[in-house]
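# Inside the fold
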Amino acid sequence: MKKGFFVVLATVTMILGTVFYGSDTVNAASGDTTVYITKTGSCYHNSGCSSLSRSCIETTLQAALNKGLSPCSKCHPASSIDSDDDDDDYDDHDYDDDYDDHDYNDDYDDYDDDEDDYISVSSVTLNKKSANVIKGKSITLKATVKPSNATEKTVTWKSNNPKIASVDNKGKVKGLKKGTAKITVKTSNGKSAVCKITVLEPVKSIKFTKKAYSLKAGNTITLKPVISPKAASNKNVTWKTGDKKIATVDKNGKVKGKKKGRVTITVTTKDGKKTAKCTVNVK
């Protein structure tokens, strides 16, 4: 008799459109009504429903209806929901399946109507496919993630030969030793791009084995300067004579005496602009 009384009372309450729980009032006909959803349930509940545990989702009635949820038969007895259906109601054995209160934001963000859709990265590119770096110097590679409004644009950097060239988390590449290395940038969803880095050994100095050379007018000699270190990547040089009327010099360091006199020959490295000079006496 007591149970029937409460069923009738709840039915009348639904018809009137208002349900009271203590000092809280829930208007079941209003889209702003607050209802509650359990993790495993497929229906919505009022705050005093016995099917609710301490872990539940608080949302609006309209949001619950938009998601296709129906009223719980225990707190809405007039509904057609079958209270004996495990899928409709939250049973006691479901308690362990619920999340703790602090997990609300982690697991039920999909109930937030204002949450933006996740946009995946489609590609990542680098501003250089290959680049030269002088040993001891650095360059910074720039990664471009597309689309520009991707949700997660974080990238990671890696060198396949960190003894040759290192790279930091901002794409700054430092040449450490003569050789080649591949620098790879990768997005969180696995998109990647590669730049081939060639580390060059710089020229430190250039010199002649003698300070002065002699030759007769009409004769030639070839000057061979010594570049240090021997492993220097770029050994190209340019030549210059102080007086073409006394002696000329070609791109290979071949000096030809023109007339009697003394002239200075200068050689300059293209890498680093290092110079060396010698004197040529034409007899």
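Structure's up top.
On a predicted model such as this, the values are computed, not experimentally measured, just so you know. (Residues numbered from 1 in each chain as written. Predicted model: local features only at pLDDT ≥ 70, side-chain atom pairs only at ≥ 80, totals over all residues. Heavy atoms only, no water.)

## Side note on the sheet that holds strand β23 (residues 261–269)
Our working definition: Paired strands are those between which DSSP finds at least two bridges. Here a helix means four or more residues in a row that DSSP labels H or I, a strand means two or more in a row labelled E, and each is numbered from the N terminus. Orientation is described by lines fitted to C-alpha atoms, with helices fitted over the stretch in contact, and by angles between N-to-C directions that extend from 0 to 180 degrees.
Taken in spatial order, the four strands make up an open sheet running β17-β24-β23-β20, and their pairing is mixed. Edge positions in the sheet fall to β17 (212–215) and β20 (237–241), since each of these pairs with one other strand and no more. For this sheet the average axis-to-axis angle between neighbouring strands, irrespective of direction, equals 25 degrees.

## Side note on the pairing of strand β7 (residues 123–126)
On a regular strand, each side chain points to the face opposite its neighbour's, so the side chains alternate between the two faces of the sheet. Here is the rule: Buried means the residue's accessible area, taken with a 1.4 Å probe over protein chains only, is under 20% of the maximum for its type, while exposed means over 50%, and partly exposed covers the values in between.
Across the two faces of β7 the burial differs, with V124 and L126 buried and S123 and T125 not buried at all. Pairing of β7 with strand β10 (residues 143–146) involves four bridges; the strand directions are antiparallel. If you follow L126 over to β10, its bridge partner there is A143.

## A few points about the environment of D117
Residue placement: D117 occurs in the loop between α3 (104–107) and β7. Remark: the alpha-carbon pair of D117 and T151, spanning 34 residues in sequence, is separated by 8.5 Å.

## Some details on the sheet that holds strand β13 (residues 172–175)
The strand order across the open sheet built from three strands is β9-β13-β12, with neighbouring strands paired in antiparallel fashion. Unpaired on one side and paired on the other, β9 (138–140) and β12 (165–167) mark the two borders of the sheet. Within this sheet the neighbouring strands show an average axis-to-axis angle of 20 degrees, counted without direction. Pairing geometry for β9 and β13, over three bridges, is antiparallel.

## Side note on the environment of L126
Let me state the cut-off plainly: The contact criterion used is simple: two residues touch if any of their non-hydrogen atoms lie within 4.5 Å.
Positionally, L126 belongs in strand β7. L126 sits in the buried class, given a relative accessible area of 14%. Taking the C-alpha atoms as reference, L126 lies 6.4 Å from A193; in sequence the two are 67 residues apart. In this structure, L126 is in contact with L141, K142, A143, W157, I183, V185, A193, V194 and C195, ignoring residues within four places of it in sequence.

## Focus: unusual backbone geometry
A cis geometry characterises the amide bond from K146 onward to P147, with omega recorded as 0 degrees. Among the secondary structure elements, P147 is positioned in the loop between β10 and β11 (155–159).

## A few points about the pattern of salt bridges
Convention followed: We define a salt bridge as a side-chain nitrogen of Lys or Arg found within 4 Å of a carboxyl oxygen belonging to Asp or Glu.
A complete count under the given rule lists one salt bridge for this structure. Here K135 ties to E201 by a salt bridge, and the two come within 3.7 Å at their closest N and O atoms. Here K135 is found in the loop between β8 (130–134) and β9, whereas its partner E201 is found in the loop between β15 (192–200) and β16 (205–207), with 66 residues between them in sequence. Judged by relative accessible area, which is 35%, K135 ranks as partly exposed.

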